[in-house]
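Spelled out from the first residue to the last, the chains are:
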Amino acid sequence: MTAVCVLSSAGFRRIPLLSVFRGDRPTSPSHTTQAPLHSTMEEISNIEVVPCTDSDYLKPFRLHYNQNGTKKSWDFMRTHDSVSVLIFNTTSHCFVLVKQFRPAVFMCEWEKTKTQPCQSAEKTEEGVAEAAASSSESQEAQAPTAGESPSAWPPAAAGVTYELCAGLVDKPNLSLEEIARQEVLEECGYDVPASKLKRITSYRSGVGVTGANQTMFYAEVSDDNCVSAGGGDPREGELIEVVKIPLHEAMTFAYNERIPKTMGVIFSFIWFHNNMSPKYKISTNV
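Residues numbered from 1 in each chain as written. Predicted model: local features only at pLDDT ≥ 70, side-chain atom pairs only at ≥ 80, totals over all residues. Heavy atoms only, no water.

Peer 1: Can you walk me through the nonpolar core in this structure?
Peer 2: Note on soluble globular proteins: their nonpolar side chains tend to be buried together. Ranked by size, the top nonpolar core spans 24 residues in total, and within it Leu 86, Phe 95, Tyr 218, Phe 253, Phe 269 and Phe 272 carry the most contacts. Elements that contribute at least two residues to this core include exactly strand E7 (82-89), strand E8 (94-101), strand E12 (212-221), strand E13 (241-246), helix H7 (250-255) and helix H8 (263-275). Excluding anything up to four places from it in sequence, Phe 95 contacts Leu 86, Ile 87, Phe 88, Val 243, Lys 244, Ile 245, Leu 247, Ala 250, Phe 269 and Phe 272. (Core = buried A, V, L, I, M, F, W, Y, C linked by side-chain atoms within 4.5 Å. Buried < 20%, exposed > 50% of the residue type's maximum accessible area, 1.4 Å probe, protein only. Helix = DSSP H or I, 4+ residues; strand = E, 2+ residues; numbered from the N terminus. Contact = heavy atoms within 4.5 Å.)

So this is what it looks like as structure tokens:
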């Protein structure tokens, strides 16, 4: 049975994935362990959705242009580029991932559960124009409020995802390798020299909305490199859980659609299987 190793105050504990994910949504490993971080991560309350008029991370724009003689427009957001790191622990032969609550994922799950208003099958052109003109108002009206019944919200676990260690490229005085090194130390607790990071590739993410570039690295660590429990920087509001995925169960984990994860996790596991797995002579269950 596939399992994950979750870091708690008592160290890493092995938890069967079937115990972690039940039903249609993932449930917290706190059901099977006393790790205090789990319950804290999912203690989400006083939820309120408001318009975003100013942000240090997202800048919305509308681009007007002509393409092949046709006038077009496109809405997009400017944001930071990022780095991600596939971490492999050579002592335990495990991948080191991070797990955290993602509000955007949580709200997508809420969108699935809310009641959709009934609409007439026939609409006049005037009606369509009116609907488009008032789309922003209707979205705000449909948005849940802080006073809404707790039963209207999905469980907080619906917004928790498994990811590679990653961070924004927002320090112009540091190289990508140095930024990645800082993220590995802060989020996962491993002290790895920047020179030991292997660049895997770079790619565009969210090409329809942001077009941001992410650079992926590979880092080999050992238990000797572990200098802290990780967990992110509390001063930046980070609350991160460190999770170990055994190498021989990695591909089962990657292709399990019931486990919420980023594409980076899937791609990096496949990359490791194709490029690094023969070095360790261990099956990755492909």
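Peer 1: Any chance you could explain the pattern of salt bridges here in plain terms?
Peer 2: Pairing of side chains with opposite charge becomes possible as their charged atoms draw close. All chains considered together, the criterion is met by six salt bridges. For Arg 102, the salt bridge identified is with Glu 163, shortest N-O distance 2.8 Å. With Arg 102 in the loop between E8 and helix H3 (103-113) and Glu 163 in strand E9 (residues 160-163), the pair connects residues that are 61 residues apart, well separated along the chain. Judged by relative accessible area, which is 7%, Glu 163 ranks as buried. (Salt bridge = Lys/Arg side-chain N within 4 Å of Asp/Glu carboxyl O.)

Peer 1: I'm lost on the packing of aromatic side chains in this one. Help?
Peer 2: Each aromatic ring pair is described using two quantities: the centre-to-centre distance and the angle formed by the ring planes. By the definition in use, this model includes 12 aromatic pairs. Taking the centre distance of 5.4 Å and the plane angle of 55° together, the rings of Phe 88 and Phe 95 count as tilted. According to the relative accessible area criterion, Phe 95 is buried, its value standing at 1%. Ring centres 6.1 Å apart and planes at 40° place the aromatic pair Trp 110 and Trp 153 in the tilted group. Note that Trp 110 is positioned in helix H3 and Trp 153 in the loop between helix H5 (135-142) and E9, a separation of 43 residues in sequence. By relative accessible area, which is 5% here, Trp 110 ends up buried. Take Trp 153: its relative accessible area is 13%, and that puts it in the buried class. Connected via pairs of aromatic rings, a cluster forms that spans Phe 88, Phe 95, Tyr 162, Tyr 218, Phe 253, Phe 269, Trp 271 and Phe 272. The positively charged end of Lys 261 is found above the aromatic ring belonging to Phe 253, 5.6 Å away from the centroid. (Phe/Tyr/Trp six-rings, centres within 6.5 Å; stacked < 30°, edge-to-face > 60°. Lys NZ or Arg CZ within 6 Å of the ring centre and 35° of its normal.)

Peer 1: Teacher, can you tell me more about helix H6 (residues 176-188) here?
Peer 2: Side chains of residues three or four places apart in an α-helix project in the same direction, reflecting 3.6 residues per turn. Helix length check: H6 (13 residues) gives 18 Å between terminal C-alpha atoms against 18 Å at 1.5 Å per residue, within 8%. Among the residues making up H6, those that are buried are Ile 179, Ala 180, Glu 183, Val 184, Glu 187 and Cys 188. Angular distribution of buried residues about the axis of H6 spans 140°; they occupy a single face of the element. Among the structural elements, E7, E8, strand E10 (165-168), E12 and E13 are those in contact with the buried residues of H6. Looking one or two residues past H6, Gly 189 carries a phi angle of roughly 85°, positive in sign. (Expected span 1.5 Å × (residues − 1). Arc of directions from axis to C-beta.)

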